[in-house]
Amino acid sequence: DANGANGDCGSRGADEGEGRTRQDAKEDASAKPARKSWSLPIKPAEVLLAIVAVCVGMCMWQKQTGDAKVALCAQRHERGEYDEALQLCHEALVSYHELNELSKLLGFRQYGGILSGDVAQTTDNLGVVSMNIGDSQAALRYLRAALAMRTEKLGARSLDVAATKDNMGLVYRQMGDLDQAMALHKEALSIRLEHVGEKDLSTAQSRTSIANVQYQMDEYDDALQTYRQVLAVQEELLGGDHIDLAGTLQNMAQVKKHSDLKESLSLYERSLAIIVGIYGHNHQNVADTLHQMGGVQLGMRRNGEAVETYQQALEIYSSLLGPSHPDVAATLTYIGEALDKSGKPEEAEGFFRQSVEIWDGMGIHGGEHLALTRAEAAKEYG
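Conventions used here
Each chain carries its own residue numbering, running from 1 in the written order of its sequence. Note on the predicted model: pLDDT of at least 70 is required for a residue's local features to be given, and 80 or more for side-chain atom pairs to be given and counted; whole-chain, interface and lining totals, by contrast, use all residues. Only hydrogens and water are set aside; all other atoms, that is, all heavy atoms of the structure, feed into the side-chain values. A run of DSSP states H or I qualifies as a helix once it reaches four residues; a run of E qualifies as a strand once it reaches two. Both are numbered from the N-terminal end. Accessible area is worked out with a 1.4 Å probe on protein chains only. A residue is then buried under 20% of its type maximum, exposed over 50%, and partly exposed in between. In plain terms, two cysteine sulfur atoms within 2.5 Å form what is called a disulfide here. In summary, the pairing rule links any two rings of Phe, Tyr or Trp, Trp by its six-membered ring, whose centres are within 6.5 Å, and it sorts them by plane angle into stacked for under 30 degrees, edge-to-face for over 60 and tilted for everything else. Note on contacts: a residue pair is in contact if any heavy atoms of the two residues lie within 4.5 Å. By definition, no residue in a patch forms a salt bridge, and every one has over 30% relative accessible area; like charges are joined within 9 Å, nonpolar side chains (Val, Leu, Ile, Met, Phe, Trp, Tyr) within 5 Å. What sets the accessible areas is the Shrake-Rupley method with a 1.4 Å probe; for residues, cover comes only from the shown protein chains. Any carboxyl oxygen of Asp or Glu within 4 Å of a side-chain nitrogen of Lys or Arg constitutes a salt bridge here. The charge count treats Lys and Arg as positive and Asp and Glu as negative. His and the chain ends do not count. Lysine's charge is taken at NZ, arginine's at CZ, aspartate's at CG and glutamate's at CD. One less than the number of residues in a helix, times 1.5 Å, gives the span that helix is expected to have. Pairs of N or O atoms within 3.5 Å make up the polar contacts considered here, provided that, within protein, one atom can donate a hydrogen while the other can accept it, and that residues adjacent in sequence are counted only when both atoms are side-chain atoms.

Asks: Would you mind showing me how to read the environment of Asp-221 here?
Replies: Note that Asp-221 resides in helix α9 (residues 220-238). When its relative accessible area of 66% is taken as the criterion, Asp-221 is described as exposed.

Asks: Hey, could you run me through the state of the cysteines in this one?
Replies: In a disulfide, the sulfur atoms of two cysteines are held together by a covalent bond. Evaluated as defined, the whole model comprises 1 disulfide. Covalently, Cys-73 is tied to Cys-89 through a disulfide, its sulfur atoms 2.3 Å apart. Across the S-S bond of Cys-73 and Cys-89 the torsion is about -75°, and the bridge reads as left-handed. In this pair, Cys-73 is assigned in helix α2 (residues 44-79) and Cys-89 in helix α3 (residues 82-106), connecting sequence segments 16 residues apart. With respect to class, Cys-73 is no different from Cys-89; both count as buried.

Asks: Where do I start with the packing of aromatic side chains in this structure?
Replies: Aromatic rings considered in pairs are described by the distance between their centres and by the relative angle of their planes. This structure, assessed with the given rule, holds 2 aromatic pairs. Aromatic pair Tyr-215 and Tyr-220: ring centres 5.5 Å apart, planes at 55°, arrangement tilted.

Asks: Could you clarify how one ought to interpret the environment of Thr-331 in this entry?
Replies: Inspection of the secondary structure puts Thr-331 in helix α14 (residues 326-341). We classify Thr-331 as buried; its relative accessible area is 0%. Each C-alpha atom of the pair Thr-331 and Ala-313 lies 7.5 Å from the other, and the pair is 18 residues apart in sequence. Not counting residues within four places of it along the chain, the set of residues in contact with Thr-331 comprises His-291, Tyr-310, Ala-313, Leu-314 and Tyr-317.

Asks: Is there a simple way to think about a negative patch on the surface in this case?
Replies: A cluster of acidic side chains, namely Asp-218, Glu-219, Asp-221 and Asp-222, defines a negative patch on the protein surface. Along the chain, Asp-218 turns up in the loop between α8 (201-216) and α9. Asp-218 sits in the exposed class, given a relative accessible area of 51%.

Asks: Sorry if this is basic, but what is going on with helix α11 (residues 261-279) here?
Replies: Since one α-helical turn is 3.6 residues long, residues separated by three or four positions face the same way. Between its first and last C-alpha, α11 extends 26 Å over 19 residues, near the 27 Å set by a 1.5 Å rise per residue. Each element contacted by the buried residues of α11 is listed here: α10 (243-256) and α12 (284-299). Two to three positions downstream of the cap, the backbone nitrogen of Lys-262 sits 3.3 Å from a side-chain oxygen, assigning the N-cap of α11 to Asp-260. Where α11 ends, the next residue or the one after it, Gly-280, has phi of about 85°, a positive value.

Shown next as structure tokens:
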């Protein structure tokens, strides 16, 4: 019994100990601190502000991307890299349209006014580049779209509208629709005169476009008078040694070929002096001018001088473009023509042969091209 009692007591003691242990565990558990839920101490307004800041940053980045592509487009266009320029303008337009959609979604109305000008200018640029690659129909589509945007945003008598109308006139001139070209250039001139007056380079540019159309219409006296107006403005605003002045002098020289070869040559010589002063002698513009001067000398029957002038042009063309360039081949033909007219047919034949070899090397029938070039020279210079 004692053992049994002890056993019972032992069992109760164990039960009691177990009970105390469980209770202690409960107490220990209740003594532990409650687990906290973590949260950032940011107010909803601050979250909204951060989102807006990110979105504004995205808009600014998109705008800068579009602007950078427009600048690159202009650079490539200036270099004559028209395909790359066209691609860059398209990419810029996509950037602006994406920004426009994003700004609408976010309610940033201020971007609407900014983008309307960017989209219109880029669309106008696409028209000009398309014209220079010979796609007149695409050029007109772009320019009409730009004109509609600018007219809606700025009004029908704004300077931007004048710029687009001048560009449309260039396209119609390229297409041979001289009446439509003239009408557009005159509308542009009217707007420019209204805003900036006569003594402004943009006004002079519109007058140059008008003179170019007058020349193509065989209105030589009118064209010469218009070019003189342009020259007067350029001399006053740019001085006597600017490249734009040289271009106008060459335009005038081209007109004077039809009436006064001596005056034409004098105008080319003035232009050449300006170009050499700006670029130095070894420049393609110098070679082009020398080539024109050689033609005038050929027309004046100053054949020996024409040979020398053409040879100077040939040296520059060969140096800059290589010995197998079409301009080299054409100049060789004209040297041969001048020599032939000087009574040196054997010497002329050598230059004709070199020209034919270059054309043949380009996959063009050299003999036919030679005959065509000689016929053109005879038609223009007699």
